[in-house]
Amino acid sequence: YLGFTTSLYSELGLPFGLQGVASLPFVIGTSTKVAGSATSTGQVIPAGQYRKISLGDILVGLQYGLPTDTPLALRLDLKIPGYSVPATTGLAEAFPGAGDGQVDATLWGSAGGSFGDVYAYVETGFRYRSPGGVASDTSEQGRVYAHGFVGFAQVGYLLVQGFYVNAYSQWVWDGSADAIT
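Residues numbered from 1 in each chain as written. Predicted model: local features only at pLDDT ≥ 70, side-chain atom pairs only at ≥ 80, totals over all residues. Heavy atoms only, no water.

*Asks:* Can you walk me through the overall build of the protein chain in this structure?
*Replies:* Scanning the protein chain from N- to C-terminus turns up 0 helices and 9 strands. Traced from its N-terminal end to its C-terminal end, the protein chain shows the element sequence β-β-β-β-β-β-β-β-β. Within the protein chain, the fraction of its 181 residues that count as buried is 29%. Considering only intrachain contacts with a sequence separation of at least 6, the fraction spanning at least 24 residues in the protein chain is 55%. For the protein chain, the accessible surface area stands at approximately 11100 Å², while carbon and sulfur atoms represent 64% of it. (Helix = DSSP H or I, 4+ residues; strand = E, 2+ residues; numbered from the N terminus. Buried < 20%, exposed > 50% of the residue type's maximum accessible area, 1.4 Å probe, protein only. Contact = heavy atoms within 4.5 Å. Areas by Shrake-Rupley, 256 points an atom, 1.4 Å probe, with all protein chains shown as cover.)

*Asks:* What is the right way to look at unusual backbone geometry in this model?
*Replies:* What you tend to see is this: most non-glycine residues have negative phi, and most peptide bonds are trans. Phi is positive for F16, which is not a glycine, with a value near 65°. Along the chain, the position of F16 falls in the loop between β1 (2-13) and β2 (18-33).

*Asks:* Please explain the side chain of D104 as it appears in this structure.
*Replies:* Inspection of the secondary structure puts D104 in strand β6 (residues 104-115). Within polar-contact distance, the side chain of D104 engages the side chain of R129 at 3.1 Å. In this structure, D104 is in contact with D77, L78, K79, R127, Y128, R129 and S130, ignoring residues within four places of it in sequence. (Polar contact = N/O pair within 3.5 Å; in protein donor to acceptor, adjacent residues only side chain to side chain.)

*Asks:* Explanation requested: the packing of aromatic side chains in the structure shown.
*Replies:* Aromatic ring pairs are reported here in terms of the distance separating the ring centres and the angle at which the planes meet. Evaluation of the coordinates by the stated rule reveals 5 aromatic pairs. Summarising the aromatic geometry, the rings of F149 and W173 are spaced 6.2 Å apart at their centres and angled 20° between planes, so their arrangement reads as stacked. Linking F149 in strand β8 (residues 148-160) with W173 in strand β9 (residues 163-173), this pair joins segments that are 24 residues apart in sequence. On the accessibility criterion, F149 (41% relative accessible area) is partly exposed. Taken together, the aromatic side chains of Y121, F152 and Y168 make up a single cluster linked through ring pairs. (Phe/Tyr/Trp six-rings, centres within 6.5 Å; stacked < 30°, edge-to-face > 60°.)

*Asks:* In this structure, what is going on with the pairing of β8? I would like to understand it.
*Replies:* In summary, the side chains of a regular strand alternate between the two faces of the sheet. Note that strand β7 (residues 118-129) and β8 share 10 bridges and pair antiparallel. Looking at the pairing, Y119 lines up with G156 of β8. Where β8 folds back onto β9 in an antiparallel hairpin, the turn is made up of 2 residues, including G162, whose phi is positive at roughly 85°. (Pairing = 2+ DSSP bridges.)

*Asks:* Mind showing me how you'd approach the pairing of β6 here?
*Replies:* By the bridge criterion, 8 bridges tie strand β5 (residues 72-81) to β6 in an arrangement that is antiparallel. Looking across to β6, one finds that L76 is bridged to L107. In textbook terms, the turn of a hairpin is the stretch between consecutive antiparallel strands, and for β6 and β7 this stretch comprises 2 residues, one of which, G116, has a positive phi near 70°.

*Asks:* Sorry if this is basic, but what is going on with the side chain of S130 here?
*Replies:* Assignment of secondary structure puts S130 in the loop between β7 and β8. Here V103 takes part through its backbone oxygen, which lies 2.9 Å from a polar atom of the side chain of S130. Sequence-distant contacts of S130, defined by excluding residues within four places in its chain, comprise Q102, V103 and D104.

*Asks:* What is the right way to read a nonpolar patch on the surface from this model?
*Replies:* Nonpolar side chains collect at one region of the surface, where F115, V118, V155, Y157, L159, V160, F163 and V165 lie side by side and expose about 720 Å² of accessible area between them. Elements supplying a minimum of two residues to the nonpolar patch: β8 and β9. At 4 residues, β8 tops the list of elements feeding residues into the nonpolar patch. (Patch = residues over 30% accessible without salt bridge, like charges linked within 9 Å, V, L, I, M, F, W, Y side chains within 5 Å. Salt bridge = Lys/Arg side-chain N within 4 Å of Asp/Glu carboxyl O.)

*Asks:* What's the story with the pattern of salt bridges in this structure? I'm lost.
*Replies:* A side chain of one charge can pair with a side chain of the opposite charge when the charged atoms of the two come close. Tallied over the full model, the rule gives 5 salt bridges. Linking D57 and K79 is a salt bridge whose minimum nitrogen-to-oxygen distance equals 3.5 Å. Of this pair, D57 sits in strand β4 (residues 57-65) while K79 is found in strand β5, placing the two residues 22 residues apart along the sequence. For K79, the salt bridge is made with D104, and the minimal N-O distance between the two is 3.6 Å.

Keep in mind these numbers describe shape, not what the thing actually does.
In structure tokens form, the structure reads like this:
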């Protein structure tokens, strides 16, 4: 599997300490199948490359900057699939997915700041995963998506004016043996 994602990202300052956030991702994914590959139903998949080019999981959110001396914020995100979710049986299994087909809502708490040429921030929250997603076949396949705690941390350094390098880490903990996510 080889995948690439690029996104249009936007933030919009709103009155009363609010900020709108949106991300529109574009996904290109390629799966390579060898001779003899088969679907879960036993259908033979012809050898070759199977490519999907589509929108990914669209993210829209609303953030509120808390009125404190420390940069703190609360944000509610909604993740909505920007693609159709076909049945994942038969030859459709050969094509990579653009996302998980879920509609998710996440409530985040954020803190961050900058120190000279270095910036850092951390976020932690709780993600609610909709039952069954938007794919008509997820309930038929017995998929159960677990709600859980999520986190994100990033640190960056101003290398030259206008150019940052950064490192980040993400985590998910749902406390279950969720085999899907």
